[in-house]
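One letter stands for each residue in the lines below.
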Amino acid sequence: MTALIPLVVMLPLIGAAGALIAGKRQRLQVIVTVVALVAVMVVSIVLLIDVDATGALVMEVGGWAAPVGIVLVVDRLSALMLIVSAAVLLAVLLFSVGQGMADGDSETPVSIYHPTYMVLAAGVFNAFIAGDLFNLYIGFEILLVASYVLMTMGGTGPRIRAGVTYIVVSLVSSLLFLASIAMIYGALGTVNIAQISVRMAEIHPSVQLTLHVMLLIAFGIKAAIFPLSFWLPDSYPTAPAPVTAVFAGLLTKVGVYAIIRTETILFPGNALGDALLVVALLTMVVGILGAVAQADIKRLLSFTLVSHIGYMIFGIAMGTVAGLSATIFYIVHHIVVQTTLFLTAGLIERQSGSTSINRIGGLLAAAPVIAVLYFIPALNLGGIPPFSGFIGKLALFNAGAEQPSWLVYAVIGAGALTSLLTLYALARVWNMAFWRPADEVEQYESALLDQLTEAPGENNDSEGKSSPTLMIAATAGMVAISVALTVFAGPLYALSSRAGENLNGPSNYVDLVFPEGVE
Amino acid sequence: MSVTLLLVILMGVMYSSGVYLMLERSMTRVVLGFLLVGNATNILILVMGGGRGIAPILGDGASVEDFNDPLPQAFILTAIVITFGVSAFLLALIYRSWRLSRADELEDDPEDLAIAERDAAVEEELQHPDPHDTEVDHLDELSAAQELGEKGEEE
């Protein structure tokens, strides 16, 4: 069964190579990439079933035993992340295929798009199974370099401008991560995550703190945690809609995943718990206030993305099994819902030629299907019962109430406020873009709306196009998954709890990698 | 084994000049800064690997302590390859940006400019209120702001 683990990285890379060779033959390219992602999906389902039964799988690459060789570790958290990422990547791929075929690919040159997308997938999967800090760095680099290409695809002015910000910020975070790896190697003489965890206790607490803070800053930039989140709303909205959707769903979550590993295995004991609580509070509140001020749907969604990262940091900062379980559930929920909303924003853009809520209206009558596809995930993200967003937030607040302190209560309050403001921001989009009759759009003026800013570089070329069936179907599939998360919340939450149990103290992880003990 | 002081000083100089260059607006300088910081990080890895030693495996009858640690060198090789690829991409990006705008400087963010202009306009109107100007769109907002200003003056 361990032989399956490298497949989740190998298959997308083979798919990327195949797509590159297929080059000019679009249909073949699409088939190759879809088959590769479906295969990864099947492998991750098998892995999840196996891992949930046995606890975890460890693969020693090349047959070299743990401290010398590289290990790939799949525990319940990794398997769950693999399966959700594979599903999201597949849905977004189908969406972009539908969009590309209809648009004639003027802005997304297909011969580069598919291979790059598969490399991005390989990077994401690699980061989730890395049992070695340097391998994690490699996973980050693979996905980041692929994301640079996807972000600047087409090479238009706004994309280059946004791309430069994104790339320079990501480079700084990568270099910080590399420098922390160097310092960890200098202090501990290893980069194996399990072995670091064992040796960490031997070094001076102040050195530990330095390494801890450096890693958190490096991952915090990737996860877009306040105050390291400024780059995200500036860069994400300019990319093509499917690219933004997959970035929003997955890339920040890889950062959150790395933070979970840092806090539970590398530096257990929650030394920075209070600082993380404050950061979580600020991320939520500052992020959502940004969203409320936006008139452009894609920018608004980018700000909600930043703000909802705060919930995950809240769960991690508590450091309890309940908090971690709730965070894992929330990550799964948020990956699905945020991606769906960005896909819907792509549909809105096609339908009405703009994503500015000042300029569009009457979509409920014009495109009732899109309205439904927006309404369900919007309520879900806003945390309306009975959707999974509500369940996730409730679980987080419950976990918070178990360890009462004024700081935790403050974060819970901020979380409730953020939830309401999310609902407000998304409901405003609903009122303006969908509910408002189309003929009011011209006359509607308001001092408040004049002040709101619009995203740069939107084009009105595609005005009035109806959306291809494949795009609608892919988005509907994502909405169906998000509803399924609600319907099957019980089993999913049980699985998250078991994954959270696994993270309770580093000994579980260390025992996996070193079944015979560390020398 | 001891660490060469020279390498540490070199690393410090490269880090500081690299960070300085990365803060510049000119994109070419940002790339140069990135190269400096990247190579400074490589030196950091080298320094963290310990001091000088003979090449591993080949030492005739040498003890383990005499060997150099090969693992950081493998890290550095990987990091060099990544830095190389990313710099190539950055240069292509700069070239594209140059083709588009004939300027090497990073453009201002349009969102930031819009906010700055709006604030400046409101400020301007506040300082030189024009009673005959009825065309202003944000009249309500201006009068509200004026009232606030007057209140402030009264206090």
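Everything numeric here is computed off the predicted structure, so don't read it as measured data.

**Student:** Quick rundown of the overall build of chain B? Include the residues and the values.
**Tutor:** On a plain count of helices and strands, chain B comes out with 5 helices and 0 strands. Listing each helix as α and each strand as β along chain B from the N terminus yields α-α-α-α-α. The contacts of chain B with a sequence gap of at least 6 include a subset with a gap of at least 24, amounting to 50%.

**Student:** Can you tell me about the overall build of chain A, naming the residues and giving the values?
**Tutor:** Within chain A, the secondary structure is distributed over 22 helices and 2 strands. For 519 residues, the compact-globule estimate of 2.2 N^0.38 gives 24 Å, and chain A sits close to it at 22 Å. Along the first, second and third principal axes, the C-alpha set of chain A runs to 75 × 60 × 40 Å. In chain A, which comprises 519 residues, the share counted as buried stands at 59%. Counting only contacts in chain A whose residues sit at least 6 apart along the sequence, the fraction spanning at least 24 positions is 80%.

**Student:** Quick one: what's the story with the pairing of strand E2 (residues 71–75) of chain A, residue by residue and with numbers?
**Tutor:** Residue and element names in this part refer to chain A. With 5 of 5 residues buried, E2 lies mostly within the body of the structure. Burial along E2 is two-sided: the face carrying Val71, Val73 and Asp75 and the face carrying Leu72 and Val74 are both buried. Inspection of the sheet shows strand E1 (residues 56–60) paired to E2 by 5 bridges, in the antiparallel sense. Residue pairing for E2: Ala56 is matched across the bridge by Asp75.

**Student:** Can you lay out helix H10 (residues 241–266) of chain A for me, pointing to particular residues and giving the numbers?
**Tutor:** Residues and elements named next belong to chain A. Between its first and last C-alpha, H10 extends 36 Å over 26 residues, near the 38 Å set by a 1.5 Å rise per residue. The principal kink in H10, of about 35°, is found at Phe247. Within H10, 26 of the 26 residues are buried, which leaves it mostly tucked inside the rest of the structure.

**Student:** Explain unusual backbone geometry to me, and be specific about the residues and the numbers.
**Tutor:** All names here are of chain A. Of the consecutive residues Phe226 and Pro227, the connecting peptide bond is found in the cis state with omega at 0°. Here Pro227 shows up in the loop between helix H8 (205–223) and helix H9 (231–235). Cis geometry is adopted by the peptide bond preceding Pro386, which originates at Pro385 and carries an omega value of 10°. Positionally, Pro386 belongs in the loop between helix H15 (368–382) and helix H16 (388–401). Positive phi, normally seen in glycine, also occurs at Ala224, with a value near 60°. Mapped onto the fold, Ala224 is located in the loop between H8 and H9.

**Student:** Give me the nonpolar core: which residues, what numbers.
**Tutor:** Residues and elements named next belong to chain A. In this structure, Val88, Phe125, Leu143, Ile181, Ala280, Ile313 and Val332 are the most contacted members of the largest nonpolar core, which totals 214 residues. When residues of this core are assigned to their parent elements, the largest contribution, 17 residues, is made by helix H3 (residues 76–103). Discounting chain neighbours no more than four positions away, the residues touching Ala280 are Gly310, Ile313, Phe314, Ala317 and Val411.

**Student:** Outline the confidence of the model for chain B, listing residues and values.
**Tutor:** All names here are of chain B. Averaged over all residues, the pLDDT of chain B is 77; the fraction at 70 or higher stands at 74%. Looking over chain B, one finds the lowest element-wise mean pLDDT in helix H5 (residues 139–154), namely 52, and the highest in helix H1 (residues 5–22), namely 93. Every residue in residues 134–139 scores below 50 in pLDDT, and together they form 5 contacts with partners more than four places removed in sequence or on other chains. Among the scores for the predicted complex, ipTM is 0.83 and pTM is 0.87.

**Student:** Quick rundown of the packing of helix H11 (residues 273–292) of chain A against helix H12 (residues 297–318) of chain A? Include the residues and the values.
**Tutor:** Residues and elements named next belong to chain A. The geometry of H11 relative to H12 is characterised by a closest axis approach of 7 Å and an angle of 160° between their N-to-C directions. Looking at the two axes, H11 sits roughly antiparallel to H12. Note on packing geometry: the crossing formed by H11 with H12 is left-handed. Touching Gly273, Leu276, Leu277, Val279, Ala280, Thr283, Met284, Gly287, Ile288, Gly290 and Ala291 of H11 are Leu300, Phe303, Thr304, Val306, Ser307, Ile309, Gly310, Tyr311, Ile313, Phe314, Ile316 and Ala317, all from H12. Along the lines of polarity and charge, the residues of the contact of H11 with H12 split into 16 nonpolar, 7 polar and no charged.

**Student:** Residues and numbers for the environment of A:Tyr409, please.
**Tutor:** All names here are of chain A. Residue position: Tyr409 is located in helix H17 (residues 406–435). For Tyr409, a count of 13 C-beta atoms within 10 Å puts it in the partly exposed group. Sequence separation between Tyr409 and Ser78 is 331 residues; the distance between their C-alpha atoms is 30 Å.

**Student:** So, H12(A): which residues are in play, and what are the values?
**Tutor:** Residues that lie three or four places apart on an α-helix share one face, since the helix turns once every 3.6 residues. Residue and element names in this part refer to chain A. The end-to-end C-alpha distance of H12 is 33 Å, a good match for the 32 Å that 22 residues give at a rise of 1.5 Å each. For H12, the buried fraction is high: 22 of the 22 residues fall into the buried class. Two residues or fewer past H12, Gly319 is found with a positive phi of approximately 70°.

**Student:** Lay out the packing of H11(A) against H17(A) in plain terms, naming residues and giving numbers.
**Tutor:** All names here are of chain A. At a closest axis distance of 9 Å, the pairing of H11 and H17 adopts a crossing angle of 20°. Classed by the angle they form, the pair H11 and H17 counts as roughly parallel. Both H11 and H17 take part in a crossing whose hand is left-handed. Between H11, through Asp274, Leu277, Ala280, Leu281, Met284, Val285, Ile288, Ala291 and Val292, and H17, the contact on the second element is made entirely by Leu407, Val408, Ala410, Val411, Ala414, Gly415, Thr418, Leu421, Thr422, Tyr424 and Ala425. The residue makeup of the contact of H11 with H17, split by class, is 16 nonpolar, 3 polar and 1 charged.

**Student:** Run through the environment of A:Thr339, naming residues and quoting values.
**Tutor:** Residue and element names in this part refer to chain A. Topologically, Thr339 is positioned in helix H13 (residues 321–352). Its 30 C-beta neighbours within 10 Å are what place Thr339 among the buried residues. Put simply, Thr339 and Pro377 are 38 residues apart on the chain and 9.5 Å apart in space, counted from C-alpha to C-alpha. Discounting residues that sit within four places of it in the chain, Thr339 has contacts with Val88, Val92, Ala245, Val246, Ala248, Gly249 and Met478.

**Student:** Requested: an account of the confidence of the model for chain A, with residues and values cited.
**Tutor:** All names here are of chain A. Here chain A averages 85 in pLDDT, and 92% of its residues register 70 or above. Averaged over each element, pLDDT in chain A is lowest for helix H19 (residues 447–451) (47) and highest for helix H5 (residues 133–151) (92). Under a pLDDT of 50 for its full length, residues 453–464 has, in the predicted model, 27 contacts with residues more than four places off or in other chains.

**Student:** Break down the environment of A:Leu396 for me, citing the residues and quoting the values.
**Tutor:** All names here are of chain A. Mapped onto the secondary structure, Leu396 falls in helix H16. Owing to 26 C-beta atoms within 10 Å, Leu396 belongs among the buried residues under this scheme. For the pair Leu396 and Met312, spaced 84 residues apart in sequence, the C-alpha to C-alpha distance is 8.6 Å. Discounting chain neighbours no more than four positions away, the residues touching Leu396 are Tyr311, Phe314, Gly315, Ala326, Tyr330 and Gly415.

So, how was this worked out
Along every chain, residues carry numbers that run from 1 in the direction the sequence is written. Written order decides the labels, with chains lettered from A and ligands numbered from 1. In keeping with the model being predicted, local features are shown solely for residues with a pLDDT of at least 70 and side-chain atom pairs are shown and tallied solely at 80 or more, while totals for entire chains, interfaces and linings include all residues. The helix and strand labels rest on DSSP assignments: H or I over at least four residues marks a helix, E over at least two residues marks a strand, and numbering proceeds from the N terminus. Working definition of a contact: two residues with C-beta atoms, positioned from the backbone, lying within 7 Å. Both definitions apply: the radius of gyration is a C-alpha atom measure, and the globule rule equals 2.2 Å times residues to the power 0.38. Partly exposed residues are those whose C-beta has more than 12 but fewer than 20 other C-beta atoms within 10 Å; 20 or more makes a residue buried and 12 or fewer makes it exposed, with C-beta atoms placed from the backbone. In short, DSSP must find at least two bridges between two strands for them to pair. A helix's residues, less one, multiplied by 1.5 Å, set its expected span. We define the bend at each residue as the angle formed by axes fitted to the 7 residues ending at it and the 7 residues starting at it. We define a nonpolar core as a collection of buried residues of the types Ala, Val, Leu, Ile, Met, Phe, Trp, Tyr and Cys that are connected via C-beta atoms lying within 7 Å of each other. pLDDT: the predictor's confidence for each residue, scored from 0 to 100. Axis definition: a line fit to C-alpha positions, over the contact stretch in the case of helices; interaxial angles, taken between N-to-C directions, run 0 to 180 degrees. Any angle from 65 to 115 degrees is called roughly perpendicular, while one under 35 is roughly parallel, one over 145 is roughly antiparallel, and all others are oblique. Left-handed describes a crossing whose near helix is turned anticlockwise from the far helix through less than a right angle; right-handed describes the clockwise counterpart. For this classification, Asp, Glu, Lys and Arg are treated as charged, while Ala, Val, Leu, Ile, Met, Phe, Trp, Tyr, Cys and Pro are nonpolar and the rest, including Gly, are polar.

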